[in-house]
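# Commentary on secondary and tertiary structure
Listed below are the residues making up each chain.
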Amino acid sequence: MSTSPMRRSYESIPRYTPDLSPCRVDLSDNTNAWGTPPAALDAIALSRSAARYPTPYGEDLKAALATYTGMPTEMIATGCGSDDILDCAMRAFAEPRERFVYPVPTFVMGPVFAQLNGLTPVATPLAELPGAGRIVYLCSPNNPTGALTSRSQVESLLRACTPEQVVIIDEAYVEYVGASVIDLIHRHDRLVVTRTLSKAFGLAGLRVGYALAQPALIHELEKARGPYKVSSIAEAAAVAALTDGLEWVKAHVRIALRMRQLLVRELRQRELEPLPSAANFLFVPMPNAVALARRMRELGVAVRGFESPSGFRINVAPWEMLEDALATLDQARQECA
Ligand code: PMP
């Protein structure tokens, strides 16, 4: 018997360690560079409920999400970020050692949460997902590429999946698209759509996410999640963002889409070709992107470098920030050439 008190299957799992060195402009994490809806900030300032527990499963938040999504409250589960929802889904819908399958590249935390819950993550091409694993994960728009999976592709995936497969569609960036697949939930009892208030809603620091699925799946997700995961302050801010703050959110999505267009134009002028993006960031393929991102960070601008495929991901942001980032990119490219 091992004498170590540690869990052996965790040995190969790293702690999440993003670069936190100070920078002037941070365009590395796909959050809302315009900030938080003022209505949500007011709700935080006015919150007087910290002495008591929140409702066990975020009932006020579910009511606001029901109005926002058009789905009934019994088809909504809330969580401490959509990370929490993904984590819970691993426990709710698979036994240890079953497979979690996903096309690459995609959001890095999916396979990590799978492993943390004893599942086996297996990178699998889209066409081979049906029948390949217990939980199928597809991120659309995808992080880090920005690619949108078409509705018809999602529909054929759902049709092809076997009855014991649960399909998770991660719509973290859906507000930048305007089109969603949540209506398919009514027809597919194995579909879970996850979403977050960390991106367009500007609440990443408060950790609020949610899932939409048929009531039987929501029930299992909530069992796996446990009570009190969304704090009362986060819940109050999220409700405000979804109601009084909604116009602010929509207006800033429109601005973000305009800035994305301008950023594409600027990058093309530099003979870079960002991938077509449906989200609030661009993926720019180029060689030595990790070294370039490192140098940009030293120069005060954070973007996220990726090794495979080689490229960097950059948030859309107010124009002054993008101008600064582009000038820094020019300098770093010259130096890294
Ligand atoms: N899904 C995707 C695709 C993401 O990009 C992120 C954040 N980077 C998340 C989920 C997790 O977001 P959060 O936990 O803040 O809701």
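The structure we're discussing is the one just above.
Chains are numbered independently. Their residues run from 1 in the order of the written sequence. Local features in a predicted model are, by the rule used here, given only for residues with pLDDT of at least 70; side-chain atom pairs are given and counted only at 80 or more, and totals for whole chains, interfaces and linings are based on all residues. Processing note: side-chain calculations cover all non-hydrogen atoms of the structure and skip hydrogens and water entirely.

### Here we look at the site of the ligand
- The near set for a molecule or strand comprises every residue that places at least one heavy atom within 4 Å of it. Of all residues adjacent to the ligand, which total 13 residues, the nearest are Ser 82, Asp 170, Tyr 173, Thr 196 and Ser 198.
- Contact between the ligand and Ser 198: an oxygen atom at 2.6 Å from a side-chain N or O atom of the residue.
- Throughout this description, a polar contact denotes any pair of N or O atoms lying within 3.5 Å of each other; where both atoms belong to protein, one of them has to be capable of donating a hydrogen while the other can accept it, and for residues adjacent in sequence the pair is counted only when both atoms sit in side chains. A distance of 2.7 Å separates an oxygen atom of the ligand from a polar atom in the side chain of Arg 207.
- Per-residue and other accessible areas follow the Shrake-Rupley method at a 1.4 Å probe size, with only the shown protein chains counted as cover for residues. In isolation the ligand offers 410 Å² of accessible surface; the protein chains occlude 92% of this area.
- A run of H or I in DSSP counts as a helix once it spans at least four residues, and a run of E counts as a strand once it spans at least two, with each numbered from the N terminus. The dominant element in the shell around the ligand, judged by the number of residues it contributes, is helix H3 (residues 81-93), at three residues.
- As a working rule, the residues Ala, Val, Leu, Ile, Met, Phe, Trp, Tyr, Cys and Pro are called nonpolar, Asp, Glu, Lys and Arg charged, and the rest polar, with Gly in that last group. For the shell around the ligand, a count of residues per class yields four nonpolar, five polar and four charged.

### Here we look at the sheet that holds strand S5 (residues 135-139)
- Strand order in the open sheet made by the seven strands is S2-S8-S7-S6-S5-S3-S4, with mixed pairing throughout. The two strands at the open ends of the sheet, each matched to only one other strand, are strand S2 (76-79) and strand S4 (120-123). Strand after strand, the sheet turns through a mean of 25° between neighbouring axes, direction not considered.
- In this sheet, strand S7 (residues 191-196) lies alongside strand S6 (residues 166-170) in parallel orientation, the contact comprising four bridges. Paired with Val 167 across the bridge in S7 is Leu 191.
- The sheet contacts of helix H2 (residues 59-69) involve S2, S7 and strand S8 (209-212), and relative to S2 the element is tilted by about 125°. Any two strands with at least two DSSP-identified bridges between them are counted as paired. Here an angle of 0 to 180 degrees is reported between the N-to-C directions of two axes, which are lines fitted to C-alpha atoms, with helices fitted over the stretch in contact. We call two residues contacting when some pair of their heavy atoms lies within 4.5 Å.

### Focus: the pairing of S2
- Of the two faces of S2, the one lined by Ile 76 and Thr 78 and the one lined by Ala 77 and Gly 79 are each fully buried.
- Bridge count for S2 against S8 is four bridges, and the pairing is antiparallel. Bridge pairing in S8 links Gly 79 to Gly 209. Burial classes follow relative accessibility: with a 1.4 Å probe on protein chains only, a residue under 20% of its type's maximum area counts as buried, one over 50% as exposed, and anything between as partly exposed.

### Quick look at the side chain of Asn 32
- Summarising the element assignment, Asn 32 is placed in the loop between strand S1 (25-26) and helix H1 (38-46).
- Residue contacts for Asn 32: discarding those within four places in its chain leaves Ser 198, Lys 199, Ala 200, Gly 202 and Trp 248.

### A few points about the pattern of salt bridges
- Definition used for salt bridges: Asp or Glu carboxyl oxygen within 4 Å of a side-chain nitrogen of Lys or Arg. Taken as a whole and judged by the stated rule, the model has 16 salt bridges.
- Lys 62 serves as the salt-bridge partner of Glu 222, at 2.6 Å between the closest nitrogen and oxygen. With Glu 222 in helix H6 (residues 215-225) and Lys 62 in helix H2, this residue pair connects regions lying 160 residues apart in the sequence.
- With relative accessibility at 7%, the residue Lys 62 sits in the buried group.
- Here the salt bridges do not stand alone but share partners, grouping Glu 266, Arg 270 and Asp 330 into one network.

### Considering the packing of aromatic side chains
- Each Phe, Tyr or Trp ring (for Trp, its six-membered ring) is paired with any other whose centre lies within 6.5 Å, and the angle between the two planes then decides the class: stacked below 30 degrees, edge-to-face above 60, tilted in between. Counted according to the given criterion, the structure contains six aromatic pairs.
- Both rings, one in Tyr 68 and one in Phe 201, keep their centres 5.3 Å apart while their planes meet at 90°; by these two values the pair is edge-to-face. In this pair, Tyr 68 is assigned in helix H2 and Phe 201 in the loop between S7 and S8, connecting sequence segments 133 residues apart.
- Residue class for Tyr 68 comes out partly exposed when judged on its relative accessible area of 25%.
- An aromatic cluster is built from Phe 100, Tyr 102 and Tyr 137, whose rings are joined through pairwise contacts.
- A positively charged side chain is recorded as over a ring if its NZ (Lys) or CZ (Arg) lies within 6 Å of the ring centre. The angle to the ring normal must also be within 35 degrees. Here the basic side chain of Arg 313 rests over the ring of Phe 281, its NZ or CZ set 5.9 Å away from the ring centre.

### Comments concerning the side chain of Asn 142
- Along the chain, the position of Asn 142 falls in the loop between S5 and helix H5 (151-160).
- The class of Asn 142 is buried, set by a relative accessible area of 10%.

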